[in-house]
Amino acid sequence: MTEQEDAGRAALERRASKLFSGRVEFLLSAPQLKFLPEPDVPEIAFCGRSNVGKSTLLNAITGRRSIARASVTPGRTQELNFFEVGEPTLFRLVDMPGYGFAKAPVKVVERWKSLVKTYLRGRPVLERTLVLVDARHGLKDVDREMMTMLDEAAVGYRMVLTKADKIKASELAKVVAATEAEAKKHVAAFPVLHVTSAEKGMGIPELRAAVLADTGV
Ligand SMILES: Nc1nc2c(ncn2[C@@H]2O[C@H](COP(=O)(O)OP(=O)(O)OP(=O)(O)O)[C@@H](O)[C@H]2O)c(=O)[nH]1
Ligand SMILES: [Mg+2]
């Protein structure tokens, strides 16, 4: 990286940090598509398997302890939750229900799945999706299915490894390599992976800056 690129990146991180330390507010929870807010500002969506750490990552990015509700029990988030950033609102973050949660009733899972997919496919203001993957588990078939769906819908997405604090550096390196290799085969995936730990704050300033850049504001 050149010195100029370095300085640009640092400036973006500072701007992102300042923005997220300002107004961040829960807007609404949409159990069905008819409850979505007006598509009047850019949106960034957090998606991934149940319990991967979507709500926790949203909290880490916004620097709030529990603006999005996280839980040790998978299936915590059951609706599309919208959070507004900026005063006046510049963009929104969207916390989504997880997929691949076997213990919830089939009907409930089907409802979440259809809500998430319809939102991802048809939302005109969706600027970017973050596809979260647990660093301990790597990509699963349900993730691949979601990635292919996003490819087909031409929704650009960033792959984010979560819970990096939970595994050894040598294992982490292997998962990073394997996930990046797969991401390269998906047309809408960014080739470079974000490695994060909400617990340790690892990769958070960089992802925060990337999210801000993605919104285009
Ligand atoms: N050690 C560690 N634990 C994490 C990290 N991120 C999330 N967790 C834990 O993982 C569990 C699930 O986190 P959530 O944020 O609720 O996961 P989610 O993807 O929103 O889950 P659903 O809403 O059920 O789909 C919680 O117990 C979190 O504390 C991390 O970076 N490190
Ligand atoms: Mg959640």
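Notes on the structure follow.

**Re the site of ligand 1**
Move 1: Around ligand 1, 22 residues are found, and the nearest of them are Lys-54, Thr-56, Gly-75, Asp-165 and Ala-198.
Move 2: Separating an oxygen atom of ligand 1 from a side-chain N or O atom of Lys-163 is a distance of 3.0 Å.
Move 3: Contact with the protein chains hides 89% of the accessible area of ligand 1, taken as 660 Å² for the molecule alone.
Move 4: A majority-of-atoms criterion places ligand 1 in the largest pocket.
Move 5: Residues belonging to the shell around ligand 1 are distributed by class as follows: five nonpolar, ten polar and seven charged.

**Re helix H2 (residues 54-62)**
Move 1: Most of H2 is tucked away: eight of the nine residues are buried.
Move 2: Buried within H2 are the following residues: Lys-54, Ser-55, Leu-57, Leu-58, Asn-59, Ala-60, Ile-61 and Thr-62.
Move 3: Taken from the residues just after H2, Gly-63 is the one with a positive phi, measuring 65 degrees.

**Details of the coordination of the magnesium ion (ligand 2)**
Metal coordination angles in their ideal form are 109.5 degrees for the four-donor tetrahedron and 90 or 180 degrees for the six-donor octahedron.
Move 1: Distances from the magnesium ion (ligand 2) to its protein donors, Ser-55 (OG) and Thr-77 (OG1), fall within 2.1 to 2.2 Å. Of the two residues, Ser-55 sits in helix H2 while Thr-77 sits in the loop between H2 and strand E3 (80-85), which places them 22 residues apart along the sequence.

**Notes on the pairing of E3**
Move 1: Within E3, six of the six residues are buried, which leaves it mostly tucked inside the rest of the structure.
Move 2: The sheet contact formed by strand E1 (residues 24-30) and E3 spans six bridges and is antiparallel. For Glu-25, the partnering residue across the bridge sits in E3 and is Glu-84.
Move 3: Taken together, the five bridges between E3 and strand E4 (residues 91-95) define a ladder with antiparallel strand orientation. Counterpart to Asn-81 in the pairing with E4 is Asp-95.
Move 4: Counting the residues between successive antiparallel strands, the hairpin from E3 to E4 contains five residues, one of them, Gly-86, with a positive phi of roughly 100 degrees.

**A short note on the sheet that holds E4**
Move 1: Taken in spatial order, the seven strands line up as E1-E3-E4-E2-E5-E6-E7 in an open sheet, and their pairing is mixed. Each end of this open sheet is capped by a strand with a single partner; those strands are E1 and strand E7 (194-195).
Move 2: Relative to E4, strand E2 (residues 43-48) runs parallel, the two being bridged by four bridges. The partner of Phe-46 across the bridge, within E4, is Asp-95.
Move 3: Strands strand E6 (157-162) and E7 of the sheet are contacted by helix H5 (residues 169-183), whose axis makes an angle of about 165 degrees with E6.

**Things to note about the pairing of E4**
Consecutive side chains along a regular strand alternate between the two faces of the sheet.
Move 1: With respect to burial, E4 is a largely interior element, five of its five residues being buried.
Move 2: The alternating pattern of E4 places Phe-91, Leu-93 and Asp-95 on one face and Arg-92 and Val-94 on the opposite face, and all of these are buried.

How each quantity is defined
- Residues numbered from 1 in each chain as written.
- Chains lettered and ligands numbered in written order.
- Predicted model: local features only at pLDDT ≥ 70, side-chain atom pairs only at ≥ 80, totals over all residues.
- Heavy atoms only, no water.
- Near = heavy atom within 4 Å.
- Polar contact = N/O pair within 3.5 Å; in protein donor to acceptor, adjacent residues only side chain to side chain.
- Areas by Shrake-Rupley, 256 points an atom, 1.4 Å probe, with all protein chains shown as cover.
- 1 Å grid on protein atoms, 1.4 Å probe; cavity = no way out; pocket = protein on both sides within 12 Å on 5 of 7 lines; lining within 4 Å.
- Sits in = over half its atoms within 2 Å of the grid points.
- Nonpolar A, V, L, I, M, F, W, Y, C, P; charged D, E, K, R; others polar.
- Buried < 20%, exposed > 50% of the residue type's maximum accessible area, 1.4 Å probe, protein only.
- Helix = DSSP H or I, 4+ residues; strand = E, 2+ residues; numbered from the N terminus.
- Donors = N, O, S within 2.8 Å, 3.2 Å for Na, K, Ca; no water.
- Pairing = 2+ DSSP bridges.
- Contact = heavy atoms within 4.5 Å.
- Axes fitted to C-alpha atoms, helices over the stretch in contact; angles between N-to-C directions.

These figures come from the coordinates and say nothing about function on their own.
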